[in-house]
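Coordinate inspection notes
So you can see what is in the structure, the chains are spelled out below.
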Amino acid sequence: AGLVAPNGSGKTTLLEALSGQFPTRIHSGSLVADGISQRRSAEFAELVYLSSSGGADLYPTLSALEHLAFVRDAWKSAADIDSLCSSLGISPYLDKPTRKLSTGMKQQVKLAMAIATDCPYLILDEPLNGLDPGKRKTSCDAMRSEVARGRSVLISSHLLDDLADLTDSFYFIEAGTLVEKTESSSQTLKQEYLDTYEGGE
């Protein structure tokens, strides 16, 4: 599923709330995954992984490989790191500290981290930002593969062409309310975005 809204509309707050990692984001109601309440935080955390936008998930002095090993161990995953890195094209810089990686490289590492957890629910905040066309295709193919494996992926992005191609359903945030949208192409999604947020310009 895709989440679409202008900056400042609450996308990141919503994603953080859904992840269960930020309980103060939830002021009322409840959050449940596979029958497990977020209040049972340790069990809930095994099911959901949030990849934040920017570099907040990365420690600058640790290598990409150390990040991947950490999330695999923390989530008790059996992910094949070598195969994952090869498919995403990040093997050549696995030993570099993340502070030395470009924005696109960091994005690829963060996606690899999400996949390496083997969580059934992945929440990806702007996973395609800063990627060149080749890396965007590689990332999109990887996300499709995870969905084909039975994982659920929620993607927040302003790149509507990629999002329309990737996702089965869309949600807009309108005046603080989540609204499901239907669309058949990137062009109709763009027009719906403009109609909703720009007065149809």
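Shown above is the structure to which this text applies.
Notes on the structure follow. Just so you know, these numbers come straight off a predicted model, no measurement behind them.

1. Some details on the nonpolar core
In this structure, Leu68, Ile90 and Val109 are the most contacted members of the largest nonpolar core, which totals 54 residues. At seven residues, the largest contribution of residues to this core is made by helix α5 (residues 103–116). With sequence-adjacent residues up to four places away left out, Leu68 is seen in contact with Ile81, Cys85, Ile90, Leu94, Val109, Ala112, Met113 and Ala116.

2. What about the pairing of strand β4 (residues 48–51)?
Neither face of β4 is open: one carries Val48 and Leu50, the other Tyr49 and Ser51, and all of them are buried. Bridge count between β4 and strand β5 (residues 121–125): four bridges; the pairing is parallel. Considered in β5, the bridge of Ser51 is made with Leu124.

3. Regarding the pairing of β5
Counting buried positions along β5 gives four out of five residues, so the element sits mostly inside the fold. Examined bridge by bridge, β5 and strand β6 (residues 152–156) share five bridges and lie parallel to one another. Paired with Asp125 across the strands is Ser156, a residue of β6. Following the chain from β5 across helix α6 (residues 133–148) to the adjacent parallel β6, one finds a crossover that is right-handed.

4. Quick look at the side chain of Ser37
Along the chain, Ser37 turns up in strand β3 (residues 36–37). Within the structure, Ser37 has its side chain in polar contact with the backbone nitrogen of Arg39 (distance 3.0 Å). Contacts of Ser37, omitting those with residues within four sequence positions, involve Leu31, Val32 and Phe44.

5. Points about the packing of aromatic side chains
This structure, assessed with the given rule, holds four aromatic pairs. With a centroid separation of 5.1 Å and an interplanar angle of 80°, the aromatic rings of Tyr49 and Trp75 are classed as edge-to-face. One end of the pair, Tyr49, is in strand β4; the other, Trp75, is in the loop between α3 (64–74) and α4 (81–88), and 26 residues separate them in sequence. Classification of Trp75 as partly exposed rests on a relative accessible area of 23%. The rings of Phe172, Tyr193 and Tyr197 are connected pair by pair, giving a single aromatic cluster.

Basis of the calculations
- Residues numbered from 1 in each chain as written.
- Predicted model: local features only at pLDDT ≥ 70, side-chain atom pairs only at ≥ 80, totals over all residues.
- Heavy atoms only, no water.
- Core = buried A, V, L, I, M, F, W, Y, C linked by side-chain atoms within 4.5 Å.
- Buried < 20%, exposed > 50% of the residue type's maximum accessible area, 1.4 Å probe, protein only.
- Helix = DSSP H or I, 4+ residues; strand = E, 2+ residues; numbered from the N terminus.
- Contact = heavy atoms within 4.5 Å.
- Pairing = 2+ DSSP bridges.
- Right-handed = clockwise from strand over helix to strand, strands pointing away.
- Polar contact = N/O pair within 3.5 Å; in protein donor to acceptor, adjacent residues only side chain to side chain.
- Phe/Tyr/Trp six-rings, centres within 6.5 Å; stacked < 30°, edge-to-face > 60°.

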